[in-house]
Amino acid sequence: MSPRRKPKPPRLDDNPRWFQTSMFYEVLVRGYHDSDNDGTGDFRGLTEKLDYIQWLGVDCIWLVPFYSSPLRDGGYDISDYFNVLPEYGTIGDVAQFLEEAHHRSIRVIADLVVNHTSDQHPWFQESRQNRTNPKADWYVWDDDGTKWSEARIIFLDTEPSNWTWDPMREQFFWHRFFSHQPDLNFDNPDVQDAMLDVLRFWLDLGLDGFRLDAVPYLYERDGTNGENLKETHEFLKRLRAEIDAGYPNKVLLAEANQWPADVVEYFGDGDECHMCFHFPVMPRMFMAARREQRTPITEILAQTPDIPDGCQWGIFLRNHDELTLEMVTDDERDYMYGEYAKDPRMKLNLGIRRRLFPLLDNNERLVELFHGMLFSLPGSPILYYGDEIGMGDNIYLGDRDGVRTPMQWTPDRNAGFSRADFERLYLPVLMDPVYGYQVVNVESQLRDSSSFLHWLQRMIEVRKQHAQVFGLGSFDIIHCENPSVLAFVRQYTDPETGERDMVLCANNLSRFAQPAELMMSTYDGLVPHELLGRVTFPRIGELPYFITLPPHGFFWFQLVEDGP
Amino acid sequence: MMIERELLERYVAAELPGQRWFGANAVTGIEAVQEIEGKLTQVIVRGDDGSRYQTVLGVRDDGLLVDATTDHDLALSLLHQAMPDEDAAKVRPLGVEQSNTSLVFDERLVFKLFRRLPDGRNPDVEVTSALADLGFEHVIAPLGTWRDDDADFAIVNELLLSSTDGWQLAMTSLRDLYDRRCPPEEAPADFGFEAERLGRVTAQLHEALSEAFPVGDADVDSWIDDMEAQLERVSLPDDLAPAARAVYEAVRSVDVGPAFRIHGDYHLGQTLLTDLGWYVLDFEGEPARPVAERRRPSSPLRDVAGMVRSFHYAAEAALRQVGSEDEEDRRLAGAWERHVAERFLAGYEGYEPLERLLPPTETRPVVQRAFELDKAVYEVGYETAHRPDWVGIPLAAVRRLLAEA
């Protein structure tokens with residue numbers, strides 16, 4: 001027997017509110033790095049790339065589901081909550097990955113689908129046998145298959161109904177997503193308990209929290225649309241209480257694709273989820289840039305309620321799903337389709353399945369502006385793997401696979417992702433002349449000191465230096481007549497040291513240079529220091545503060561007291 | 001402290017004629033002097049144009065007699081006349097204004113001191129307050145006013161952060177268009193969507209005005225008299241006047257719909273897009289006209305005509321900014337104007353409760369054309385006097401409207 005390896009000590013600060021000031025990075029285990037050359041990424045491969053992730057400045061990795069699954073929905077169809085998909089590795093590989101990440105001061109959260117399972121899950125297989133077995137009530141069954149018609153169909157492109165007939169049990173089962181994903185019955189206390197066991201299992205292994213997938217749909221009630229019901233909130237409160245009791249410094253991040261006024265319900269009184277995604281702000285950033293006008297952004301921020309103490313928004317530009325347009329009006333959706341999905345293949349359900357760079361016409365200046373806004377608007381930023389090097393998409397792949405292609409590490413075979421035969425890759429690497437791996441890859445951008453990757457790494461570093469003010473600071477719009485300019489001040493005073501940090505952010509949404517007269521008389525006497533170069537700008541006076549913004553340009557200024 | 005009458009007289013005679021808001025050439029007399037809390041002196045004078053003007057003076061810390069809007073402490077005392085409990089650390093003037101003086105306190109409150117005092121209430125305060133009382137959400141409800149029984153002296157509004165006026169937004173859209181050179185409805189910064197929302201808000205504004213003020217029969221004869229009088233004052237190239245008269249005359253024989261209080265000087269610069277949608281500002285009416293006339297009921301289509309004219313001006317002004325003589329750009333300007341006007345009207349006419357306040361669909365174009373023409377003729381006169389380079393814009397509109405008729 002070989003001597004047991006000495007464990008590496010974790011280097012995580014003991015701060016229950018770490019997520020309020022963190023930089024998140026979403027990773028697909030499947031698509032990141034393949035260590036055993038079977039064509040599919042795995043935990044060992046991911047562990048090998050932790051140094052890169054640490055260099056980038058990531059504080060927390062978010063993993064999409066890696067549990068056992070028939071993979072008919074990218075792993076969101078779980079068939080065993082207590083096991084890892086064999087292609088990804090073993091529980092031991094996960095444990096080692098967590099240890100290595102924690103040693104690098106990186107936390108890890110993972111997707112957990114609580115609303116439904118795969119139809120291959122033993123629970124469902126048992127439940128469908130007959131109407132009397134021990135798991136008969138673990139799912140939502142009905143003879144009729146017509147009730148709750150108020151509940152909308154989410155996957156419009158593939159699902160005609162939320163009910164599907166099961167010939168074995170000779171009943172309909174309820175599913176808010178694909179018909180191979182039956183919804184669990186949370187009215188059954190056994191289901192609730194089973195789910196809590198799942199959470200405990202992974203927290204014991206070392207996970208730092210969960211992104212709770214599709215959380216608004218846990219319950220069904222007559223005469224409702226089955227979203228955001230009070231029973232759902234009660235269950236989430238129970239879940240939170242269990243975690244608080246046994247596991248310090250963990251986080252729950254809710255995926256509730258709803259209007260901000262409804263989403264805040266998932267924070268409870270600070271006793272439900274720690275974080276929620278802010279969905280509507282993202283499509284509006286795209287709209288604002290196309291219209292060269294800030295209103296779409298300021299409108300949605302004005303409609304966003306305050307959140308309880310100790311909570312945080314999660315904001316993002318793109319993720320593994322389509323750019324969802326559920327939370328925009330019909331007019332706005334038509335506008336977004338017209339502008340960003342000129343080829344019908346780019347549309348999916350109520351959204352657009354494209355990556356960040358193609359969405360922004362590969363315009364690096366615009367991408368920089370978007371990151372400037374992402375890093376400075378209220379919330380914790382969540383990056384999507386591959387966007388840091390400007391990867392593209394493949395709209396000819398089915399469903400959302402086009403934005404889930406292998407990470408492009410090098411210009412070598414299979415983009416350095418895997419040494420398997422090309423045909424064996426879980427999805428083909430991108431090879432087009434603009435976004436293909438020969439052009440877009442980590443290695444060449446690391447070598448090129450003026451690459452987007454280096455720019456982003458530097459921005460993350462700067463944001464980290466001001467993580468408190470960007471993560472926790474107040475948000476005040478600065479009045480400016482020019483509609484293309486979005487300017488605001490973030491301000492935070494450390495309750496312990498009394499130290500104040502104040503940052504002025506000015507963004508030009510236009511592709512033309514713009515003058516900006518910022519109405520800042522209330523900041524009279526402060527001196528702006530540009531955050532990247534620490535260049536001192538003229539003192540702010542009682543009159544409007546004038547700056548010139550280059551096309552799609554943005555500035556971050558720290559506002560400091562005038563020195564002696 | 002009491003300021004000597006003789007000093008006051010010398011001050012107003014010397015200082016006022018140089019002020020932008022003072023429309024007269026000289027002060028003919030002081031009408032009223034009022035001491036306020038021992039700090040401010042309100043002086044109402046009459047100018048040689050017959051109008052009354054207001055200025056408020058005070059003595060600065062260094063002993064100098066100054067306009068109270070130019071000094072921090074005196075300005076705060078001014079604010080207290082409208083809102084006694086407010087406090088503010090900072091004050092700044094609000095850009096360039098022609099007829100009033102506005103101060104911004106703490107980037108939060110806008111204090112507007114009226115300069116030209118009409119006989120009776122200020123129409124802007126009167127209308128805005130009436131609409132706000134009705135619960136109409138697209139005007140900025142006054143937070144405080146400074147007035148006595150006969151006149152409004154000042155008003156305080158909330159500063160709407162991140163708001164932009166309609167003119168600026170139209171310029172943003174046009175800049176995008178002239179750069180991309182695509183049909184306006186396909187341009188990413190298309191203004192059509194906002195124009196339609198503005199049309200709807202305009203319709204709701206007219207509905208609210210019809211509830212806040214009496215609705216009566218239109219006095220078509222006097223409208224036509226006014227329009228013809230305007231035509232007399234402006235020298236159009238000779239072939240145009242008779243045709244214009246015919247357009248006005250056509251109104252006499254059709255159903256023009258009811259008349260009620262309208263905005264009266266409606267254009268893109270009087271609108272503000274905020275995070276809560278469009279707001280309509282400044283109900284003072286055309287400042288060049290007497291207040292009694294500005295209060296007179298009229299057709300809501302006069303406001304519509306004003307806005308449509310404004311779209312034309314925006315397209316042309318942006319073209320001048322670009323400096324383009326290009327035929328293609330000229331065509332785009334026309335297409336933008338037509339497209340935006342269409343969307344505006346779709347929003348306006350699509351608001352069903354308005355139907356009863358408008359002329360019947362068949363006669364609507366006749367009435368609206370007359371109002372647009374009247375506005376364009378007024379613009380020809382204005383541009384001839386002030387900006388001769390620009391006279392081509394309204395003149396082209398006059399020719400186009402006559403050709404359409």
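1. Digging into the sheet that holds strand 5 (residues 91-93) of chain B
Residue and element names in this part refer to chain B.
Point 1. Taking strand neighbours across the sheet as the criterion, the 5 strands line up as 5-6-7-10-9 in an open arrangement whose pairing is antiparallel. Each of the sheet's edge strands pairs with one partner strand only, and the pair in question is strand 5 and strand 9 (144-147). Taking the axes of each pair of neighbouring strands and ignoring which way they run, one obtains an average angle of 20° across the sheet.
Point 2. Where strand 5 lies against strand 6 (residues 100-105), 3 bridges are found, and the strand directions are antiparallel. By the bridge assignment for strand 6, Val 91 is matched with Phe 105.
Point 3. Contacts between helix 2 (residues 72-82) and the sheet are confined to strand 5, strand 6, strand 7 (109-114), strand 9 and strand 10 (152-158), with strand 10 contributing the most and set at about 95° to the helix.

2. Details of the interface of chain A and chain B
Often the size quoted for an interface is simply the accessible area lost on bringing the parts together.
Point 1. Between chain A and chain B, the residue contacts involve 24 residues of the former and 18 residues of the latter.
Point 2. For the side of chain A that touches chain B, the secondary structure elements donating two or more residues are helix 9 (281-291), helix 10 (295-302) and helix 11 (330-340) of chain A.
Point 3. The element best represented in the side of chain A that touches chain B is helix 10 of chain A, accounting for 4 residues.
Point 4. Partitioned by chemical class, the residues of the side of chain A that touches chain B number 6 nonpolar, 8 polar and 10 charged.

3. Points about the packing of helix 13 (residues 364-376) of chain A against helix 15 (residues 452-465) of chain A
Residue and element names in this part refer to chain A.
Point 1. The interhelical angle for the contact between helix 13 and helix 15, taken along N-to-C directions, is 20°, at an axis separation of 11 Å. One element, helix 13, and the other, helix 15, form an angle in the roughly parallel class. Note that helix 13 runs across helix 15; the crossing there is right-handed. Two secondary-structure elements touch here, helix 13 through Glu 364, Glu 368, His 371 and Phe 375 and helix 15 through Phe 452, Trp 455, Leu 456, Met 459 and Arg 463.
Point 2. Among the residues forming the contact of helix 13 with helix 15, the class breakdown is 5 nonpolar, 1 polar and 3 charged.

4. With respect to the nonpolar core
Point 1. Residues A:Val27, A:Cys273, A:Cys276, A:Ala487, A:Ala506 and A:Leu518 are the most contacted members of the largest nonpolar core, which totals 155 residues.
Point 2. Looking at this core, the element that brings in the most residues is helix 9 of chain A, giving 7 residues.
Point 3. B:Val201, B:Ala208, B:Trp278 and B:Val304 belong to the second-largest nonpolar core, a separate cluster that totals 70 residues.

5. Structural notes on the domain arrangement of chain A
Point 1. You can read the domains of chain A as domain 1 (18-114 + 188-464), domain 2 (116-183) and domain 3 (473-561).
Point 2. Averaged C-alpha coordinates put domain 2 of chain A and domain 3 of chain A at centres separated by 54 Å.

6. Some words on the pairing of strand 18 (residues 485-493) of chain A
Residue and element names in this part refer to chain A.
Point 1. Here strand 17 (residues 474-477) pairs with strand 18 via 4 bridges, running antiparallel. If you follow Phe 475 over to strand 18, its bridge partner there is Arg 490.
Point 2. Across 9 bridges, the pairing between strand 18 and strand 19 (residues 500-508) is antiparallel. Opposite Ala 487, over in strand 19, you have Ala 506 as the bridge partner.
Point 3. The hairpin turn running from strand 18 into strand 19, its antiparallel successor, is 6 residues long, and Gly 498 in that turn takes a positive phi close to 75°.

7. A closer look at the domain arrangement of chain B
Point 1. Examined at the domain level, chain B breaks down into domain 1 (5-115) and domain 2 (164-404).
Point 2. Relative placement of domain 1 of chain B and domain 2 of chain B: their C-alpha centres are 34 Å apart.

Rules of the game
Residues numbered from 1 in each chain as written. Chains lettered and ligands numbered in written order. Predicted model: local features only at pLDDT ≥ 70, side-chain atom pairs only at ≥ 80, totals over all residues. Pairing = 2+ DSSP bridges. Helix = DSSP H or I, 4+ residues; strand = E, 2+ residues; numbered from the N terminus. Axes fitted to C-alpha atoms, helices over the stretch in contact; angles between N-to-C directions. Contact = placed C-beta atoms within 7 Å. Nonpolar A, V, L, I, M, F, W, Y, C, P; charged D, E, K, R; others polar. Parallel < 35°, antiparallel > 145°, perpendicular 65-115°, else oblique. Left-handed = near helix turned anticlockwise from the far one by under 90°. Core = buried A, V, L, I, M, F, W, Y, C linked by C-beta atoms within 7 Å. Buried ≥ 20, exposed ≤ 12 C-beta atoms within 10 Å, placed from the backbone. Domains from an automatic or database assignment.

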